[in-house]
Amino acid sequence: TLVLTTGGTGFGPRDVTPEATAAVLDRAAPGLVDVVHADALRRGADLESLLSRAVAGVAGGCVVVNLPGRPAAASRNATALLPTLVRAVQLVSG
């Protein structure tokens, strides 16, 4: 199972998605966030994504990933993560 959240990963006072996600994770998977950062650096565009406080990990039998709230940025991040997420879900599912 895969759970993708959108929004709430910035520096604003209402941006609490990473804290809420971290509270339910059994295991963190910071490498998933690293994939997004590496993709932004490789493209040299949307470097604002480097300011994201997104987290990712496993909660129960679910892979959980925070994505940005901007639709274009969320789409880019999901696209960059897709191959890795497929494998992560396979591993968690057994």
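A brief report on the enclosed structure follows. (Residues numbered from 1 in each chain as written. Predicted model: local features only at pLDDT ≥ 70, side-chain atom pairs only at ≥ 80, totals over all residues. Heavy atoms only, no water.)

1. A closer look at the pairing of strand S4 (residues 62-67)
Counting buried residues in S4 gives five out of six residues, a clear majority hidden from the surface. Judged from the five bridges that link them, strand S1 (residues 2-6) and S4 form a sheet pairing that is parallel. Along S4, the bridge assignment pairs Thr5 with Asn66. Pairing analysis gives four bridges linking strand S3 (residues 56-59) to S4, with the strands arranged antiparallel. (Buried < 20%, exposed > 50% of the residue type's maximum accessible area, 1.4 Å probe, protein only. Helix = DSSP H or I, 4+ residues; strand = E, 2+ residues; numbered from the N terminus. Pairing = 2+ DSSP bridges.)

2. As for helix H2 (residues 30-43)
Given 3.6 residues to a turn, an α-helix orients residues that are three or four positions apart in the same direction. Across its 14 residues, H2 extends 20 Å between first and last C-alpha, which sits within 8% of the 20 Å expected from 1.5 Å per residue. Those residues of H2 not exposed but buried are Leu32, Val33, Val36, Asp39 and Ala40. Buried residues of H2, seen end-on, are gathered within an arc of 115° and therefore sit on one face of the element. Set apart from the buried face of H2 by more than 90 degrees, the exposed residues are Pro30, Leu41 and Arg42. On the buried face of H2, the contacting elements are S3, S4 and helix H3 (71-93). (Expected span 1.5 Å × (residues − 1). Arc of directions from axis to C-beta. Contact = heavy atoms within 4.5 Å.)

3. Focus: the pattern of salt bridges
A full pass over the atoms with the stated rule returns three salt bridges. Here Glu19 ties to Arg53 by a salt bridge, and the two come within 2.6 Å at their closest N and O atoms. Here Glu19 is found in helix H1 (residues 17-24), whereas its partner Arg53 is found in the loop between H2 and S3, with 34 residues between them in sequence. With a relative accessible area of 42%, Glu19 lands in the partly exposed category. Arg43 is the partner of Asp39 in a salt bridge, and the nearest nitrogen-oxygen pair spans 2.9 Å. (Salt bridge = Lys/Arg side-chain N within 4 Å of Asp/Glu carboxyl O.)

4. Observations concerning the packing of H2 against H3
Running from amino to carboxyl end, H2 crosses H3 at an angle of 125°, the nearest separation of the two axes being 9 Å. Taken together, the axes of H2 and H3 lie oblique to each other. Crossing geometry of H2 relative to H3 is assigned as right-handed. Side by side, H2 and H3 meet where Leu32, Val35, Val36, Asp39 and Arg43 of the first sit next to Arg76, Asn77, Ala80, Leu81, Thr84 and Leu85 of the second. (Axes fitted to C-alpha atoms, helices over the stretch in contact; angles between N-to-C directions. Parallel < 35°, antiparallel > 145°, perpendicular 65-115°, else oblique. Left-handed = near helix turned anticlockwise from the far one by under 90°.)

5. Describing H3
Compared with an ideal rise of 1.5 Å per residue, which puts 23 residues at 33 Å, H3 spans 28 Å between its outermost C-alpha atoms and falls more than 12% short. Approximately 55° is the largest bend angle found in H3, and it occurs at Leu82, with the proline Pro83 only one to four residues beyond. All of the buried residues in H3 are Ala73, Ala74, Asn77, Ala80, Leu81, Leu85 and Ala88. In the segment just after H3, Gly94 is the residue with positive phi, at about 85°. (Bend = angle between axes of the 7 residues up to and from the residue.)

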